[in-house]
Amino acid sequence: MSLEVSTLVAEGSKMVTSYGDGIFRFGEETVTGSILLFPEAVYSWNVTSKDDITPDSFSRVIEKADEIEILLLGMGTRLTPVPLEWRQALKPHGIVIEPMDTGAACRTYNVLVSEARRVAAAMIAV
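These figures come from a predicted structure and were not determined experimentally.

Procedures and definitions
- Residues numbered from 1 in each chain as written.
- Predicted model: local features only at pLDDT ≥ 70, side-chain atom pairs only at ≥ 80, totals over all residues.
- Heavy atoms only, no water.
- Salt bridge = Lys/Arg side-chain N within 4 Å of Asp/Glu carboxyl O.
- Helix = DSSP H or I, 4+ residues; strand = E, 2+ residues; numbered from the N terminus.
- Expected span 1.5 Å × (residues − 1).
- Buried < 20%, exposed > 50% of the residue type's maximum accessible area, 1.4 Å probe, protein only.
- Contact = heavy atoms within 4.5 Å.
- Polar contact = N/O pair within 3.5 Å; in protein donor to acceptor, adjacent residues only side chain to side chain.

1. Quick word on the pattern of salt bridges
Okay, so step 1: What the rule picks out here adds up to two salt bridges.
Okay, so step 2: In this structure, lysine 14 and glutamate 29 form a salt bridge, with 2.4 Å as the shortest nitrogen-oxygen distance. Pair noted here: lysine 14 is in the loop between strand S1 (3-4) and strand S2 (18-20) and glutamate 29 is in strand S4 (residues 29-32), with a separation of 15 residues, a long-range link.
Okay, so step 3: The salt bridge involving glutamate 40 is made with lysine 64; its shortest N-O contact spans 2.8 Å. In this pair, glutamate 40 sits in the loop between strand S5 (35-38) and strand S6 (41-44) while lysine 64 sits in the loop between helix H1 (59-63) and strand S7 (70-74), placing the two residues 24 residues apart along the sequence.

Structure below.
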């Protein structure tokens, strides 16, 4: 089942227009599988569940730390606690991790991008 997310438009920014069935859509662009999402780019993320995530999974986010203050973590269909080591990996770079289910992460990301906030998202496909 695919869900429509938002009709908000942030000029030149990647916005999630729908998600589900293992894909994310950004207007006409479609990405299959989990993603790392930044306002200017989307990358495949080699993660299928929380168990696949290690501090190294956030290396691309850390590379862009000067552009990010909040990392939304879409954890699939359910929110689960975030291991302290993930927070500790991001904290020295000034990035706060905010876990939620993937649907909530899509919606929250769109709102924050439309407000020109310094946000990125790491989202497990649902």
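2. Points about helix H3 (residues 102-114)
Okay, so step 1: Between the first and last C-alpha of H3 there are 18 Å, a value that for 13 residues agrees with the 18 Å anticipated at 1.5 Å per step.
Okay, so step 2: Those residues of H3 lying buried are Thr102, Gly103, Ala104, Ala105, Cys106, Tyr109, Asn110, Leu112 and Val113.
Okay, so step 3: In this fold, the buried residues of H3 make contact with S2, strand S3 (23-26), S5, S7, strand S8 (96-100) and strand S9 (119-123).
Okay, so step 4: Capping the start of H3 is the job of one residue whose side-chain oxygen sits 3.0 Å from the backbone nitrogen of glycine 103: aspartate 101.
Okay, so step 5: Just beyond H3, the residue with positive phi is alanine 116, at close to 60°.

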